[in-house]
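Descriptive analysis of the structure
Each chain, written out:
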Amino acid sequence: VQRILTGITPSGTPHLGNYAGAIRPAIAASRQQGVESFYFLADYHALIKTTDPARVQRSTLEISATWLAAGLDTERVWFYRQSDIPGIPELAWLLACVAGKGLLNRAHAYKAAVDKNVAAQEDADAGVNMGLFMYPVLMAADILMFKSHKVPVGRDQIQHIEMARDMAASFNHLYGEHFVLPEAEVDASVATLPGLDGRKMSKSYDNTIPLFAPAAELKRLIFSIVTDSKAPGEPKDAEGSALFQLYQAFAGAEEARAMRTAFEDGIAWGEAKQALFERIDAVVAPMREKYEALIAEPERIERHLQEGAAKARAIATPFMAELRHAVGLRNLA
Ligand code: TYM
């Protein structure tokens, strides 16, 4: 069996990038024969970004409801919260002890924080917590705990999966073959979905389009996407356009081709935005209804998460015992 695993950090409202980059491909993959999939809420990771407990809880609920509304089958998939698996932070410690500090110095998220500080002539590590520095180690623990082969993610996460491979290989070398070396799986057409300003859609850039914004809000946001000043009738560059990238991520190949031609033929920006709104709304509207119903019943969602966590612990607990033994720790009786 092939194991597939991916997580989302519950630190905000799920957006189109999370859906197209992670949730949609992960659900499609989980339906294949001969796979076991592990999809989870990375709530320990959320603490790196926020110290607001209510936000973590709200976001956990929203992202869980999103997975379910998007069609995740909890009978087939291991669906759980990271913090319900106590072995994960424990494994993160074992991995921290084989991970080079130099490797982690190169992690994008940490490096970006340092570069920003240096540019502002601040102390290099100002405002950087150890959670941010350890982020790739915790993520490696998520992945290696369940011996996942494939990790479907957006492009921004590839480096972390390579680091997880690195840590797995070091550990295996030192203590014997315990871990599977994971690989990132990136869907090229949505590897980096752009946001309202054309940069990567991201909570940290404040340029996101919430997946389940009400239709009127969705429309307003789509009409606020930044475009160049080309007039109607002037040919437009599809590849360089956030509008087209978004359209392509929510359309079939045929429709995307037609839109590319419309760009070449000089479609007016207003018209392209209307088409994009209709395309996205057609995909999202049926899920939005399910989402609204789910979010009104948090106990039901919680039940799914608890069941998933029990299934996941049934794998994690004996594996942790194996690893504790391998490194020379005593196993609790
Ligand atoms: P997070 O919560 O930032 O993002 C969740 C997933 O959504 C993808 N994504 C995007 N894809 C395309 N275009 C975008 N604009 C876009 N924005 C986000 C991300 O690539 C990701 O796949 N550290 C991870 C969560 C995590 C994890 C893991 C993932 C924790 N442990 C183990 C995989 C395996 C994160 O913060 O993702």
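Being a predicted model, the structure only gives us computed values, none of them experimental.

Turning next to the overall build of the protein chain. Secondary structure summary: the protein chain contains 13 helices and 5 strands in total. Whereas a compact globule of 333 residues would reach a radius of gyration of roughly 20 Å, the protein chain reaches 21 Å, a difference of no more than 12%. Overall size of the protein chain, expressed as C-alpha extent along the three principal axes, is 75 × 50 × 35 Å. Out of the 333 residues in the protein chain, the part that is buried amounts to 40%. In the protein chain, the share of contacts with a sequence separation of at least 24, taken over all contacts with a separation of at least 6, comes to 76%.

Further remarks concern the UniProt feature "short sequence motif: 'HIGH' region" (unreviewed entry) in the protein chain. Within the UniProt annotation, "short sequence motif: 'HIGH' region" (unreviewed entry) is assigned to residues 10-18. Here residues 10-18 is 33% helix and 0% strand, with 11 Å between the C-alpha atoms at its ends.

Here the focus is the nonpolar core. One finds Leu91, Leu95, Ala140, Ala141, Leu144 and Ala164 to be the most contacted residues of the largest nonpolar core, which totals 91 residues. Here the element with the most residues in this core is helix α7 (residues 130-145); it accounts for 10 residues. Domain assignment of the residues forming this core places at least three in each of domain 1 (2-193 + 298-327) and domain 2 (212-292). Setting aside anything within four residues of it in sequence, one finds Leu91 in contact with Ala141, Leu144, Met145, Met320 and Leu323.

Along strand β1 (residues 2-8), 5 of the 7 residues are buried, which leaves the element largely enclosed by surrounding structure. Bridging between β1 and strand β2 (residues 35-41) involves 7 bridges; their strand directions are parallel. The residue bridging Thr6 from the neighbouring strand is Tyr39, located in β2. Assessed by its sense of winding, the connection that carries the chain from β1 through helix α1 (residues 16-30) to β2 is right-handed.

A few words now on the site of the ligand. Around the ligand sit 25 residues in total, of which Gly7, Gly17, Gly21, Gly154 and Leu193 are the nearest. When residues of the shell around the ligand are traced back to their parent elements, those giving at least two are β1, α1 and α7. Residues belonging to the shell around the ligand are distributed by class as follows: 11 nonpolar, 11 polar and 3 charged.

Before going further, it helps to spend a moment on the confidence of the model for the protein chain. Mean pLDDT for the protein chain: 96, with 100% of residues reaching 70 or above. Reported for the predicted complex are a pTM of 0.94 and an ipTM of 0.98.

Our focus in this paragraph is the domain arrangement of the protein chain. On domain assignment, one finds that the protein chain holds domain 1 (2-193 + 298-327) and domain 2 (212-292). Distance from the C-alpha centre of domain 1 to the C-alpha centre of domain 2: 31 Å. Contacts between the two partners involve 8 residues from domain 1 and, on the opposite side, 7 residues from domain 2. No other element matches the 3 residues that helix α3 (residues 53-69) contributes to the side of domain 1 that touches domain 2. Here the residues of the side of domain 1 that touches domain 2 are counted per class, giving 6 nonpolar, 2 polar and no charged.

Among the 7 residues in β2, 5 count as buried, and that is most of the element. With 4 bridges joining them, β2 and strand β3 (residues 78-81) adopt parallel strand pairing. Paired with Phe40 across the bridge in β3 is Tyr80.

It helps to recall that an α-helix has 3.6 residues per turn; residues three or four apart then point in one direction. The terminal C-alpha atoms of α1, which comprises 15 residues, lie 20 Å apart, in line with the 21 Å expected from a rise of 1.5 Å per residue. Along α1, the helix axis deviates most sharply at Ile23, where the bend reaches about 35°; the proline Pro25 sits within four residues downstream. Burial of α1 is extensive: 11 of the 15 residues sit out of reach of the surface. Where α1 is concerned, the buried positions are Leu16, Gly17, Asn18, Tyr19, Ala20, Gly21, Ala22, Ile23, Pro25, Ala26 and Ser30. Buried residues along α1 sit in contact with β1, β2, α3, β4 (150-152) and α10 (242-250).

With 12 residues, helix α11 (residues 253-264) ought to run about 16 Å at 1.5 Å a step, and its terminal C-alpha atoms sit 17 Å apart, in line with that. Downstream of α11 by one or two residues, Gly266 has phi in the positive range, about 85°.

The subject of this paragraph is the packing of helix α4 (residues 87-96) against helix α13 (residues 298-327). Orientation of α4 relative to α13, taken along the N-to-C sense of each, is 25°, at an axis distance of 10 Å. One element, α4, and the other, α13, form an angle in the roughly parallel class. The way α4 lies across α13 gives a crossing that is left-handed. Note on element contacts: α13 touches α4 through Ala316, Thr317, Met320, Leu323 and Val327, opposite Gly87, Glu90, Leu91 and Leu94. Counted by class, the contact of α4 with α13 contains 6 nonpolar, 2 polar and 1 charged residues.

Conventions used here
Residues numbered from 1 in each chain as written. Predicted model: local features only at pLDDT ≥ 70, side-chain atom pairs only at ≥ 80, totals over all residues. Helix = DSSP H or I, 4+ residues; strand = E, 2+ residues; numbered from the N terminus. Rg over C-alpha atoms; globule rule 2.2 N^0.38 Å. Buried ≥ 20, exposed ≤ 12 C-beta atoms within 10 Å, placed from the backbone. Contact = placed C-beta atoms within 7 Å. UniProt positions renumbered as here; feature names shortened; annotations may be inferred. Core = buried A, V, L, I, M, F, W, Y, C linked by C-beta atoms within 7 Å. Domains from an automatic or database assignment. Pairing = 2+ DSSP bridges. Right-handed = clockwise from strand over helix to strand, strands pointing away. Near = placed C-beta within 6 Å. Nonpolar A, V, L, I, M, F, W, Y, C, P; charged D, E, K, R; others polar. pLDDT = per-residue confidence, 0-100. Expected span 1.5 Å × (residues − 1). Bend = angle between axes of the 7 residues up to and from the residue. Axes fitted to C-alpha atoms, helices over the stretch in contact; angles between N-to-C directions. Parallel < 35°, antiparallel > 145°, perpendicular 65-115°, else oblique. Left-handed = near helix turned anticlockwise from the far one by under 90°.

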